[in-house]
Protein chains: 8
Amino acid sequence: MAPVVDLGFANVDTHRALRKGFPEVIFASGKTPEQVVKIAAALRKREGQVLITRAGPDHGRLVKRRFKGAVYHETARCVTIQKKPLPKREGIIAVISAGTSDLPVAEEAAVTADVMGNRVERLYDVGVAGLHRLLAHYTQIETASVLIVVAGMEGALPSVVAGLVRRPVIAVPTSIGYGANFHGLAALLGMLTSCGSGVTVVNIDNGFGAAYAASQILALANEL
Amino acid sequence: MAPVVDLGFANVDTHRALRKGFPEVIFASGKTPEQVVKIAAALRKREGQVLITRAGPDHGRLVKRRFKGAVYHETARCVTIQKKPLPKREGIIAVISAGTSDLPVAEEAAVTADVMGNRVERLYDVGVAGLHRLLAHYTQIETASVLIVVAGMEGALPSVVAGLVRRPVIAVPTSIGYGANFHGLAALLGMLTSCGSGVTVVNIDNGFGAAYAASQILALANEL
Amino acid sequence: MAPVVDLGFANVDTHRALRKGFPEVIFASGKTPEQVVKIAAALRKREGQVLITRAGPDHGRLVKRRFKGAVYHETARCVTIQKKPLPKREGIIAVISAGTSDLPVAEEAAVTADVMGNRVERLYDVGVAGLHRLLAHYTQIETASVLIVVAGMEGALPSVVAGLVRRPVIAVPTSIGYGANFHGLAALLGMLTSCGSGVTVVNIDNGFGAAYAASQILALANEL
Amino acid sequence: MAPVVDLGFANVDTHRALRKGFPEVIFASGKTPEQVVKIAAALRKREGQVLITRAGPDHGRLVKRRFKGAVYHETARCVTIQKKPLPKREGIIAVISAGTSDLPVAEEAAVTADVMGNRVERLYDVGVAGLHRLLAHYTQIETASVLIVVAGMEGALPSVVAGLVRRPVIAVPTSIGYGANFHGLAALLGMLTSCGSGVTVVNIDNGFGAAYAASQILALANEL
Amino acid sequence: MAPVVDLGFANVDTHRALRKGFPEVIFASGKTPEQVVKIAAALRKREGQVLITRAGPDHGRLVKRRFKGAVYHETARCVTIQKKPLPKREGIIAVISAGTSDLPVAEEAAVTADVMGNRVERLYDVGVAGLHRLLAHYTQIETASVLIVVAGMEGALPSVVAGLVRRPVIAVPTSIGYGANFHGLAALLGMLTSCGSGVTVVNIDNGFGAAYAASQILALANEL
Amino acid sequence: MAPVVDLGFANVDTHRALRKGFPEVIFASGKTPEQVVKIAAALRKREGQVLITRAGPDHGRLVKRRFKGAVYHETARCVTIQKKPLPKREGIIAVISAGTSDLPVAEEAAVTADVMGNRVERLYDVGVAGLHRLLAHYTQIETASVLIVVAGMEGALPSVVAGLVRRPVIAVPTSIGYGANFHGLAALLGMLTSCGSGVTVVNIDNGFGAAYAASQILALANEL
Amino acid sequence: MAPVVDLGFANVDTHRALRKGFPEVIFASGKTPEQVVKIAAALRKREGQVLITRAGPDHGRLVKRRFKGAVYHETARCVTIQKKPLPKREGIIAVISAGTSDLPVAEEAAVTADVMGNRVERLYDVGVAGLHRLLAHYTQIETASVLIVVAGMEGALPSVVAGLVRRPVIAVPTSIGYGANFHGLAALLGMLTSCGSGVTVVNIDNGFGAAYAASQILALANEL
Amino acid sequence: MAPVVDLGFANVDTHRALRKGFPEVIFASGKTPEQVVKIAAALRKREGQVLITRAGPDHGRLVKRRFKGAVYHETARCVTIQKKPLPKREGIIAVISAGTSDLPVAEEAAVTADVMGNRVERLYDVGVAGLHRLLAHYTQIETASVLIVVAGMEGALPSVVAGLVRRPVIAVPTSIGYGANFHGLAALLGMLTSCGSGVTVVNIDNGFGAAYAASQILALANEL
């Protein structure tokens, strides 16, 4: 069987689950709901899990109508179509966010991590302006296996979290903020130059990418 | 007496002490040691305090040779010539720095605040990568009247400090760091977009400006 | 009583008035009117003053409907809910703006300073293109305790004002302008590199932050 | 025993090994050889492993003279002082570089990963201009546990590598290149926007940070 | 006959076909449908081929109504009015795109190359995240005379393609992506600093320009 | 006589005095002293005035040795070789500078304006931090025909000067400053977005260009 | 009579005609039609000429309804209210534009220059892609007193024009273009670094500013 | 024979001549003279042509000492080692430069094109500030097969040249200029947004890349 399904407007990579451990994920932004449905259909024929990210309400509505059991995660702007959820791996991915406005990005990370077969703990609105909110959850933070830290504005939270734990910290800058934030640039530069050793960074607003990386780490930890 | 001394290459503003509460300060960078000495002489004839910032060793050497009692503060790159130190105001200016490499900027702030008649407390190398180093000094931080917080890299320290205190926090980004730091831009943007309410910011590496503002605040508090 | 109220989507920091001298302020932008109302309710149960910034007409309308005595400040895009106004501190905060288009930012500063318990004087549309407009108000400028200077375009006004007074000047760049203004970047860089000693700067359009800092300064001056 | 050693110019964080799993690492750039030696002495008294990064020849020479067994890794610009090497963890960290000029960054990663107790495989000068050089090492690439991919110029290598493997890929942009490379910015932006799912990124030229993160991942995998 | 038709709002350059080998092309964006029709009429009177780029549906509709035989290429946002198609030159222009979202730019290139008298082969959605999709078309790629490679995000595809072929590669960055992509800047810088020798680059989203250059190359090859 | 002298490494445009009213000017930076001398010789054979800008001491020394009457203006980094000075035009060009460090740029403007046949008045170190220094010269400023205003840092001086006069103001940003000045960018953006109507701007540090434009204006005023 | 009319939201500078030679000009963007009308009324009471720039259709409609004889210049987005047109000065201001899309900016310049009492000649769509279109108007170009050159994209036209004439050239970059144009930045940087001596530059899309400067030049030429 | 020679520090790609039509080229910058010699030796054993770019005098000296017949092209900073020059292809590559300071980049292009087997014509110092210098060479320009146009500052020359010819124009921005040139950024953006159809662009100062592309074009034209 050829490892590609040619839909004319897209070459669906059906070899990816084999190579990468999870099927191709559909990035809905910039595609019509119909295109998304066609790619989803091609994937669903072969795979147990379909994940669609950056899905607007229109994408969500059409996909739900076409696929029984499809779920639209509104805040996360994701759709999941699962024949049967993957069994959960050992270990926990903590998704920590600095502010209320970072929720869409944090939820994209949480939904992605979950559908990829991981246990997820959410810890939201614990930014550094009130350290006691963060430190109140010290045990949860310390026992997580991988930490995804989502923050906009100056993006200081990953540095503080990384100072507290020995586990991998993946920082996600968000475009939340205004003025000198320059659409997430301030948070991005802040995280890249973090004084916290071992912090790695993904693109602005890329909750999906952070969860994907966290899941790869946990998969390794379960399979090594 | 005319409020300006025309030296040909410079118009020394001898009216400034009256207007601003402290005599004109000499920015040595880009001036020859001789030029600095001439401006210093014009000021010293009229003023009790002369402050020279961004003074290299050459400036330091010549000024010390010409003016008895001149002191060269090496780390701070400042020279002070004081007929008699100003009496100290009530209240304390805390100068807090994130790392060892921020010392020149922090010392420029400390020396400036001191010569302008303020009590200064130094708290160095207490960055957010090890929060316990900062929190160990909680009382000192909480009782300061004004806080100058100096940090390079991602510049997260002012946000954390501002979360702990009710007093004015002046953030100084430094050019310490490399790569995506872009010569202090990361720290600058981080501080401008800080989630800590009431943080104000000065130019990159501008320890002098931060101390000047802090001194103005303390002067107001003593004179209101 | 726990110092945090967990609303699910937000961790309201009810400890902040104690730590910072004023309750948590609600940044409405990016939150639904319902979310804003819920946070406001949690705060109002405990605090005498509630301040909501960046509130659009929708936020304004719903908050006014739910809370008796709520006031929507249209130009400032703020809502205030005051059980009883705070007594006014000694000293005056002057809010000075360069042009008519800077009004929303200047008013955000003025409303914030007022609700935090300060006397405010407004001095609008006195940019440097007609110096006589500014100099006509010299006495008012000279006797202010703290000066908030709001300007877009090239942001030259804070430098000129700082040259005239001995009191703290807080500069607020606005995004007013076009072309090489780059959404406030020109004014921001201009203010950061101001030749006026002691000027500190807040984020573009951040009238709230400037007033918060000014209020902290006046609080210190009243409490020292 | 207090968790900090105060050297006057530095607050050595002796609590870090406990918290982070590895002692504080000395960033030599911007410190004098004497300062580096003093911090190294404070650490060595308590720890089995001392790592100094960004060490110039001067730092290297003095440290080697003072500490028996110190090794200066010239290309990596690192010094290691090991009482006894840590036992090697299970799993392999592959360090892959695109070009010959990326060697200093790649070696910094390799030396760091090694001293932190990991097995390291080096795969250098296999950039995408000649894909066969990369594909010739397919088995090595596929069996690595974590992959550090170092590249300058357009930074395309991590995308290609991430397309081939299911394990975590950490991308390190280098400042190699000229013109529109803008000191590593092109590679940095390229890696952040990589189409390869799960790629995380560290600061430009930050081989140390990539290895630190990789080691944390492998530690988790060994300890879960 | 004067080589310019003055329409008041535009100076149509009717000398261009002579000088450049193809008539002036109408850039519709920023012009009203009526203006476009007037320029098209002036050109059609003299030329066999009229090409309109960046044409929205409104432009498309009006032009089709006015000119018999006009074709609106929706994805490409182009209109063509051909009295008789030009005979096809020897050689093939391959248009290769990395992702589905790059289609509008790729189609602009393909339509332009076609109307200018070239044979075009399309190869879409073959980005480097799944190299096998690209390598499956190795023969097609190797036998093309000129290759236009269209990619957004990190823009790595031209480097990989250029490593495989001896023919000219013209890279077109697209504005596809988000965050650190900065509207195509990441792809643009990546392509300019490509390690693939001989890659030349056109403006972001400029499929037209790439095809124009490719056609000039093939014209030379047919006429030398 | 051909309007070009081909020196192999340079095509000296001997037609320029005719077309532009002043002979080609030699930009010495990046040329060897020998190259400068050769171009100067070619010009001097035909022209009464030779102007060399951005001349280092080496250029200055060699040109003075070779051409009798050549003058090296050290601060301005210019060399002039005049057979006979041009007669002075009616009207005055005022060169106004904000600070002492702007002198090299201001002097480049003054020397250029002088050699091109204009009366020049210098007004230095009158920045906006002390408005009285500027206003003291109000009559001189008001009676100038054209004003060249040179400023670094935030570049506020042209806005203030333009508010006072009805004559053309040409603003020259200088690279003086540090940090957020970004090598003159802050001053440049500030001048471009100046609220002073009619301010035009030249490149950073381009004193020559400002004087050239001012001289063209005065020439027009004398010739109309 | 006080030189300022305080409208509450604006301080109308009625002293400006005296100081600058032309009354204050109203920048309508960001003001409501009612605000514009009020300022216009205050000015019209005292001045013979009122100019409103950046006026949208709403501003235009209301102003025309309120003031008899008001003219809305649609392409230029300007409104003029003239009691009696100013007598025309000697000399000609040529407004030259590169492309059809630059018309709004060119027309803003032309209308401004006209209302300020100057003769204007328009020369549109003569960009460097077809040099013969420009050279066909050589006499017109050569005899103009001042030249305003408007161009988007790469902004090359001012360099070419400046190479042909001895009169002042004022360059106006426009935001026309896409991709690497970055909203006029490409044209702006190009004009600032122009190899044409004596070119001065105004802000992106600032046709008004260019005409204001040109008018000042011509006024000087008529009054010297 | 394996298509790679592993030198430890470099993987020499000996398959490249087969794939790309010319052997791997050595980029000397950042390599020691010894490293360059070793790679050159590995290549020379298999290939008739060795080209080393960005070679400093040290590289030049050592390579000349080791390889008989090696030539160091000083201005171009290239070394060539040719067993026997390649036969010249039909057609001409014109290398056109705007100014004297662009010579090193123009010569890098010329030497590269020559060693790759092409006829080269040089046309230097013909920038747009004096159009007659360019137009004097109209025939040469019009008859060239491919045109490499090298320019710094505002980079306007490629637009003008592209307006005159029907053949491919490859634009090379140089870092020549100062201030708002930002190390070649102005020229780069100008060329990318050129109004001249069909202009393609290479990296700043990348004369080599332009010549490589030009040679590929001429090779196609000779082989199709």
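Residues numbered from 1 in each chain as written. Chains lettered and ligands numbered in written order. Predicted model: local features only at pLDDT ≥ 70, side-chain atom pairs only at ≥ 80, totals over all residues. Heavy atoms only, no water.

Caption draft 1: Examining the overall build of chain A more closely. Summing up its helical and strand segments, chain A has 9 helices and 11 strands in all. In terms of overall size, chain A behaves like a compact globule, its C-alpha atoms giving a radius of gyration of 18 Å where 224 residues would be expected to give roughly 17 Å. Its C-alpha atoms give chain A principal-axis dimensions of roughly 50 × 45 × 25 Å. Considering only contacts in chain A between residues 6 or more positions apart, those separated by 24 or more positions represent 67%. Surface accessibility of chain A: about 7,400 Å² in total, with carbon and sulfur atoms responsible for 53%. If the 24 positive side-chain charges of chain A are averaged to one point and the 18 negative ones to another, these points end up 8 Å apart. (Helix = DSSP H or I, 4+ residues; strand = E, 2+ residues; numbered from the N terminus. Rg over C-alpha atoms; globule rule 2.2 N^0.38 Å. Contact = heavy atoms within 4.5 Å. Areas by Shrake-Rupley, 256 points an atom, 1.4 Å probe, with all protein chains shown as cover. Lys, Arg positive; Asp, Glu negative; His and termini not counted. Charge placed at Lys NZ, Arg CZ, Asp CG, Glu CD.)

Caption draft 2: Structural detail: the arrangement of the chains. Regarding chain A and chain H, which are not in contact, the minimum distance between any of their C-alpha atoms is 21 Å. At no point do chain C and chain H touch; the closest pair of C-alpha atoms across them sits 12 Å apart.

Caption draft 3: A look at the packing of helix H8 (residues 185–192) of chain C against helix H8 (residues 185–192) of chain F. For the pair H8(C) and H8(F), the least separation of the axes is 8 Å and the interaxial angle reads 125 degrees. In terms of orientation, H8(C) lies oblique with respect to H8(F). In this structure, H8(C) crosses over H8(F), and the sense of that crossing is left-handed. Contact residues: Leu185(C), Ala186(C) and Leu189(C) in H8(C); Leu185(F), Ala186(F) and Leu189(F) in H8(F). Its residues assigned to classes, the contact of H8(C) with H8(F) comprises 6 nonpolar, no polar and no charged. (Axes fitted to C-alpha atoms, helices over the stretch in contact; angles between N-to-C directions. Parallel < 35°, antiparallel > 145°, perpendicular 65-115°, else oblique. Left-handed = near helix turned anticlockwise from the far one by under 90°. Nonpolar A, V, L, I, M, F, W, Y, C, P; charged D, E, K, R; others polar.)

Caption draft 4: Local environment of the side chain of Arg133(C). Note that Arg133(C) resides in helix H5 (residues 131–135). Among the polar contacts made by the side chain of Arg133(C), one reaches the main-chain carbonyl oxygen of Gly127(C) at a distance of 3.3 Å. (Polar contact = N/O pair within 3.5 Å; in protein donor to acceptor, adjacent residues only side chain to side chain.)

Caption draft 5: Quick peek at the relation of the copies chain G and chain C. Least-squares fitting of chain G to chain C yields an RMSD of 0.0 Å, with the transformation described by 0.0 Å of translation along the axis and a rotation of 90 degrees. Accordingly, the operation relating the two chain copies is best matched by a four-fold axis. Using C-alpha coordinates, one finds that chain G approaches the rotation axis most closely at Phe182(G), a distance of 7.4 Å. (Least-squares fit on C-alpha atoms with pLDDT ≥ 70 in both.)

Caption draft 6: Region of interest: the interface of chain D and chain A. Every contact between the two is made by 40 residues of chain D and, on the other side, 40 residues of chain A. For the pair chain D and chain A, the two sides together bury roughly 3,300 Å², of which 55% comes from carbon and sulfur. Of all residues in chain D, Arg166(D), Leu220(D) and Leu224(D) give up the largest surface area on contact with chain A, accounting jointly for 20% of the area buried on that side. Linking chain D to chain A there are 2 salt bridges. The shortest N-O distance in the salt bridge between Arg167(A) and Glu223(D) comes to 2.8 Å. The tally of links between chain D and chain A comes to 14 residue pairs in polar contact (both at pLDDT 80 or more). Looking at the side of chain D that touches chain A element by element, the count peaks at 12 residues for helix H9 (residues 207–223) of chain D. Looking at side-chain class alone, the side of chain D that touches chain A contains 22 nonpolar, 12 polar and 6 charged residues. (Buried area = accessible area lost by both parts, 1.4 Å probe. Salt bridge = Lys/Arg side-chain N within 4 Å of Asp/Glu carboxyl O.)

Caption draft 7: Highlighting unusual backbone geometry. All names here are of chain E. You will see that Arg77, though not glycine, has its phi angle at about 50 degrees, which is positive. Position of Arg77 relative to the elements: it lies in the loop between strand S5 (71–73) and strand S6 (78–82). Arg77 gets classed as partly exposed once you look at its relative accessible area, which sits at 27%. (Buried < 20%, exposed > 50% of the residue type's maximum accessible area, 1.4 Å probe, protein only.)

Caption draft 8: Spatial organisation of the pairing of strand S8 (residues 119–123) of chain E. All names here are of chain E. Here strand S7 (residues 92–97) pairs with S8 via 5 bridges, running parallel. Bridge pairing in S8 links Ile92 to Arg119. Note on the crossover from S7 through helix H4 (residues 103–115) to S8: the handedness is right-handed. (Pairing = 2+ DSSP bridges. Right-handed = clockwise from strand over helix to strand, strands pointing away.)

Caption draft 9: Looking closely at the pattern of salt bridges. All names here are of chain G. Taken as a whole and assessed by the stated rule, the structure comprises 67 salt bridges over all chains. The shortest N-O distance in the salt bridge between Asp13 and Arg19 comes to 3.3 Å. The pair Asp13 / Arg19 is uniform in exposure class, with both members buried.

Caption draft 10: Quick look at the domain arrangement of chain A. Residues and elements named next belong to chain A. Segmentation of chain A into domains returns domain 1 (4–82) and domain 2 (92–223). Placing the centre of domain 1 and that of domain 2 at their C-alpha centroids yields a distance of 25 Å. When domain 1 packs against domain 2, the two sides together hide about 1,200 Å² of surface, and 66% of this comes from carbon and sulfur. A per-residue breakdown of the area domain 1 buries against domain 2 is headed by Phe22, Arg54 and Thr75, which together make up 35% of the total. In this assembly, domain 1 and domain 2 are joined by 2 salt bridges. With its nearest N and O atoms 4.0 Å apart, the salt bridge here joins Glu108 to Arg77. If you list the elements that add at least two residues to the side of domain 1 that touches domain 2, you get strand S4 (49–53) and strand S6 (78–82). (Domains from an automatic or database assignment.)

Caption draft 11: Structural context of the sheet that holds strand S6 (residues 78–82) of chain H. Taken in spatial order, the 4 strands line up as S3-S4-S6-S5 (chain H) in an open sheet, and their pairing is mixed. Of all strands in the sheet, those with a lone pairing partner are strand S3 (26–27) and strand S5 (71–73) of chain H, marking the two edges.

Caption draft 12: Main features of helix H2 (residues 33–44) of chain E. All names here are of chain E. Between the first and last C-alpha of H2 there are 16 Å, a value that for 12 residues agrees with the 16 Å anticipated at 1.5 Å per step. The complete set of buried residues in H2 reads Pro33, Gln35, Val36, Val37, Ile39, Ala40, Ala42 and Leu43. Those residues of H2 that are buried lie in contact with strand S1 (4–6), strand S2 (11–13), strand S3 (26–27), strand S4 (49–53), helix H3 (57–66) and S6. (Expected span 1.5 Å × (residues − 1).)

Caption draft 13: Seen up close, the packing of aromatic side chains. Overall, the coordinates contain 16 aromatic pairs over all chains when judged by the stated rule. Aromatic side chains Phe27(B) and Tyr178(F) sit 5.8 Å apart centroid to centroid with 10 degrees between the ring planes, which places their arrangement in the stacked category. Residue Phe27(B) is located in strand S3 (residues 26–27), and its partner Tyr178(F) is located in the loop between strand S10 (169–173) and H8; the two belong to separate chains. When the ring centre of Tyr178(F) is taken as reference, the NZ or CZ atom of Arg54(B) above it lies at 4.3 Å. (Phe/Tyr/Trp six-rings, centres within 6.5 Å; stacked < 30°, edge-to-face > 60°. Lys NZ or Arg CZ within 6 Å of the ring centre and 35° of its normal.)

Caption draft 14: Geometry of the relation of the copies chain D and chain A. With an axial shift of 0.0 Å and an RMSD of 0.0 Å, the rotation relating chain D to chain A amounts to 180 degrees. On this basis, the relationship between the two copies can be described by a two-fold rotation axis. No C-alpha of chain D approaches the rotation axis more nearly than that of Ala221(D), which lies at 1.8 Å.

Caption draft 15: Quick peek at the interface of chain G and chain C. In this assembly, 18 residues from chain G lie in contact with 13 residues from chain C. In total, chain G and chain C occlude about 1,300 Å² of area from one another, counting both sides; carbon and sulfur atoms represent 55% of this. The three residues of chain G that bury the most area against chain C are Phe9(G), Asn11(G) and Asn203(G), which together make up 33% of that side's buried surface. For the pair chain G and chain C, the interface holds 0 salt bridges. The interface formed by chain G and chain C includes 9 residue pairs in polar contact (both at pLDDT 80 or more). Broken down by secondary-structure element, the contributors of at least two residues to the side of chain G that touches chain C are strand S2 (11–13), helix H1 (16–20) and helix H8 (185–192) of chain G.

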